Amino acid sequence: METAKKSQVSLQAEIKYNQRVKEENRLQHQRDIINRNRVVQFVSNWQDNAVAVSIKSELKKIKESATSEIEMANHELLVLRRRDMAELLEQDVKTHKTELSERKLAFYEDNY
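Residues numbered from 1 in each chain as written. Predicted model: local features only at pLDDT ≥ 70, side-chain atom pairs only at ≥ 80, totals over all residues. Heavy atoms only, no water.

(A) Spatial organisation of the overall build of the protein. Looking only at helices and strands, the protein has 1 helix and 0 strands in total. Against the 2.2 N^0.38 benchmark of 13 Å for 112 residues, the protein shows a C-alpha radius of gyration of 46 Å, more extended than a compact globule. Here the C-alpha coordinates of the protein stretch approximately 150 × 20 × 5 Å along the principal axes. Counting over 112 residues, the protein shows a buried share of 1%. Surface exposure of the protein reaches about 11,100 Å², of which carbon and sulfur atoms provide 57%. (Helix = DSSP H or I, 4+ residues; strand = E, 2+ residues; numbered from the N terminus. Rg over C-alpha atoms; globule rule 2.2 N^0.38 Å. Buried < 20%, exposed > 50% of the residue type's maximum accessible area, 1.4 Å probe, protein only. Areas by Shrake-Rupley, 256 points an atom, 1.4 Å probe, with all protein chains shown as cover.)

(B) Broad picture of the pattern of salt bridges. Tallied over the entire structure, the rule returns 4 salt bridges. In this structure, the salt-bridge partner of Arg31 is Glu24, at a minimum N-O distance of 3.7 Å. Arg83 is paired through a salt bridge with Asp84; the nearest N and O atoms lie 3.1 Å apart. Judged by its relative accessible area of 44%, Arg83 is partly exposed. In this structure Asp84 comes out as partly exposed when scored by relative accessible area, which is 40%. If you follow the salt bridges from partner to partner, you end up with Arg83, Asp84 and Glu87 in one network. (Salt bridge = Lys/Arg side-chain N within 4 Å of Asp/Glu carboxyl O.)

(C) How the structure looks around a nonpolar patch on the surface. On the surface, Val39, Phe42, Val43 and Trp46 cluster together into a nonpolar patch covering about 450 Å² of accessible area. With respect to the helices and strands, Trp46 occurs in helix 1 (residues 2–102). (Patch = residues over 30% accessible without salt bridge, like charges linked within 9 Å, V, L, I, M, F, W, Y side chains within 5 Å.)

(D) Highlighting unusual backbone geometry. Non-glycine residue Lys104 carries a positive phi angle of around 60°. Tracing the chain through its elements places Lys104 in the segment after helix 1. Residue class for Lys104 comes out exposed when judged on its relative accessible area of 74%.

Now the structure itself:
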């Protein structure tokens, strides 16, 4: 009877031990999942930040390029306006000279 009791006690101890091992394995698995999720979250945040920095850098380059193009266009427009104004003034001078010569008047030019 004592052997039967020992075996009963032994079985109960073995069952409790197995339950503890299963519970410990379950908890360890849960900790592993939590750690993996943390790593995944960290990598995801890092990638999001890298993309944001990349986009910001790209926007800065685009802005600098656009600013440069606007400056060049403004300079070109200024040169064209000056050229057109010089042509217009030359035409006015020619027209004025012609009108004066038709009226037999003098046109004094100062060549400074």
